[in-house]
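Chain by chain, the residues run as shown.
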Amino acid sequence: MLTLIVVGVPTDVIDTPWFGREVPVRWWEYPVLAATVVLTALWFGIRPEREQSATAPLTGVMLAVFAVGCPVCNKIILLALGTTGALGFWAPIQPVLAAVSLAILAAAVVLRRRRTLCGPVCAAPPAQDGADSRQPPSIAQ
């Protein structure tokens, strides 16, 4: 729910009196917002044995904000590219940003789930010279 509010309200995909858009919401922004919310919820719903960094999901959500946001309402983009650049250059790139955002979030979910399923075996270093990496080394080695 927090992701829905953090991404949807400031970008005005969810219409509120607090924010406005100069460019109407495009059809693909709704499914991107929904997928971002679902993937973020899945990532937080998977409980690994040891805690992991939240860098990948945070990156994915921040890219989603830039992807679904109004191209001429973003002050950073307007300062960097101007109105013409925002509409001519930034707006066509936004669907690509959306795809990259969802790919990062999906990869984060898959990796977190994989680590949860295989447990401490995944954290062990790879076996060398046919030795089993799950067993402690002997004193003679």
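Residues numbered from 1 in each chain as written. Predicted model: local features only at pLDDT ≥ 70, side-chain atom pairs only at ≥ 80, totals over all residues. Heavy atoms only, no water.

1. Points about the packing of aromatic side chains
Centre distance and the angle of the planes are the two values used to describe a pair of aromatic rings.
Line of reasoning, step 1. Tallied over the full model, the rule gives 2 aromatic pairs.
Line of reasoning, step 2. Here Phe-66 and Trp-90 contribute two aromatic rings whose centre-to-centre distance is 6.4 Å and whose plane-to-plane angle is 85 degrees, an arrangement assigned as edge-to-face. Placement of Phe-66 in helix α3 (residues 55-68) and of Trp-90 in helix α4 (residues 75-118) is noted, with a sequence separation of 24 residues between them.
Line of reasoning, step 3. With relative accessibility at 13%, the residue Trp-90 sits in the buried group.
Line of reasoning, step 4. Lying across the ring of Trp-43, Arg-112 places its NZ or CZ 3.8 Å from the centre. (Phe/Tyr/Trp six-rings, centres within 6.5 Å; stacked < 30°, edge-to-face > 60°. Helix = DSSP H or I, 4+ residues; strand = E, 2+ residues; numbered from the N terminus. Buried < 20%, exposed > 50% of the residue type's maximum accessible area, 1.4 Å probe, protein only. Lys NZ or Arg CZ within 6 Å of the ring centre and 35° of its normal.)

2. Some thoughts on the confidence of the model for the protein chain
Line of reasoning, step 1. With 84% of its residues at a pLDDT of at least 70, the protein chain reaches an overall mean of 84.
Line of reasoning, step 2. Across the protein chain, element-level confidence peaks in helix α2 (residues 29-45) with a mean pLDDT of 95 and bottoms out in helix α5 (residues 120-123) with 60. (pLDDT = per-residue confidence, 0-100.)

3. What to know about α4
Line of reasoning, step 1. In this model α4 runs just 45 Å from its N-terminal to its C-terminal C-alpha over 44 residues, more than 12% under the 64 Å that 1.5 Å per residue would give.
Line of reasoning, step 2. The largest bend in α4 is about 105 degrees, located at Leu-81. (Expected span 1.5 Å × (residues − 1). Bend = angle between axes of the 7 residues up to and from the residue.)

4. Brief notes about the side chain of Glu-29
Line of reasoning, step 1. Structurally, Glu-29 can be placed in helix α2.
Line of reasoning, step 2. Residue class for Glu-29 comes out buried when judged on its relative accessible area of 0%.
Line of reasoning, step 3. Among the polar contacts made by the side chain of Glu-29, one reaches the side chain of Arg-21 at a distance of 3.2 Å.
Line of reasoning, step 4. Side chain to side chain, Glu-29 and Arg-26 meet in a polar contact 2.5 Å long. (Polar contact = N/O pair within 3.5 Å; in protein donor to acceptor, adjacent residues only side chain to side chain.)

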